[in-house]
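Architecture and fold: a report
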Amino acid sequence: MIELEFAPRFVREVRQLARHSEFVREDLEQLLEDMTISEVLPKVYRDHPLGKRGVNLVGFMECHLSPDIVVIYKRRPGLVRLYRIGSHADVLSKP
């Protein structure tokens with residue numbers, strides 16, 4: 001089983017995301033469960049590595065909880081560290 005680790009910013013953003021029209025808590029819970037079971041996520045999440053964009057995200061992964069809600073994370077053997085969650089505009093723009 002793969003362990004999950006949550007960055008403090010991720011935890012704050014989950015609370016804020018409750019107001020987003022596309023956010024469904026059960027979908028997030030399913031994603032987290034899928035992350036603990038397998039290193040390969042189902043295709044529905046459109047999981048892919050990130051590169052250099054407005055902010056440098058080389059080495060990070062992105063998956064989609066909904067068309068507009070993305071999750072940014074890093075995977076190491078036996079561990080997934082979740083860094084960000086939110087809309088594309090919020091998460092992928094410069095800090």
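In short, a report on the structure. (Residues numbered from 1 in each chain as written. Predicted model: local features only at pLDDT ≥ 70, side-chain atom pairs only at ≥ 80, totals over all residues. Heavy atoms only, no water.)

Regarding the pattern of salt bridges
Under the criterion given, the structure shown has three salt bridges. Between Glu13 and Arg9 there is a salt bridge whose closest N-O contact spans 3.4 Å. With Glu13 and Arg9 both in helix 1 (residues 8-17) and four residues apart, this pair spans about one turn of that helix. When its relative accessible area of 9% is taken as the criterion, Glu13 is described as buried. (Salt bridge = Lys/Arg side-chain N within 4 Å of Asp/Glu carboxyl O. Helix = DSSP H or I, 4+ residues; strand = E, 2+ residues; numbered from the N terminus. Buried < 20%, exposed > 50% of the residue type's maximum accessible area, 1.4 Å probe, protein only.)

Re the packing of aromatic side chains
Taken as a whole and judged by the stated rule, the model has two aromatic pairs. Aromatic side chains Phe60 and Tyr83 sit 5.1 Å apart centroid to centroid with 80° between the ring planes, which places their arrangement in the edge-to-face category. Of the two residues, Phe60 is situated in the loop between strand 2 (48-49) and strand 3 (61-64) and Tyr83 in strand 5 (residues 79-87); the sequence distance between them amounts to 23 residues. In this structure Phe60 comes out as buried when scored by relative accessible area, which is 16%. Its guanidinium or amino end placed over the ring of Phe60, Lys74 lies 4.4 Å from that ring's centre, counting from NZ or CZ. (Phe/Tyr/Trp six-rings, centres within 6.5 Å; stacked < 30°, edge-to-face > 60°. Lys NZ or Arg CZ within 6 Å of the ring centre and 35° of its normal.)

Some thoughts on the sheet that holds strand 2
Hydrogen bonds between backbone atoms are what pair the strands of a sheet, whose relative direction is either parallel or antiparallel. Here five strands make up an open sheet; going across it, the order is 1-5-4-3-2 and the pairing mixed. Two strands close off the open sheet at either side, each with one partner strand: strand 1 (3-6) and strand 2. Inspection of the sheet shows strand 3 paired to strand 4 (residues 69-76) by four bridges, in the antiparallel sense. Across the sheet, the residue bridging to Glu62 is Ile72, located in strand 4. (Pairing = 2+ DSSP bridges.)

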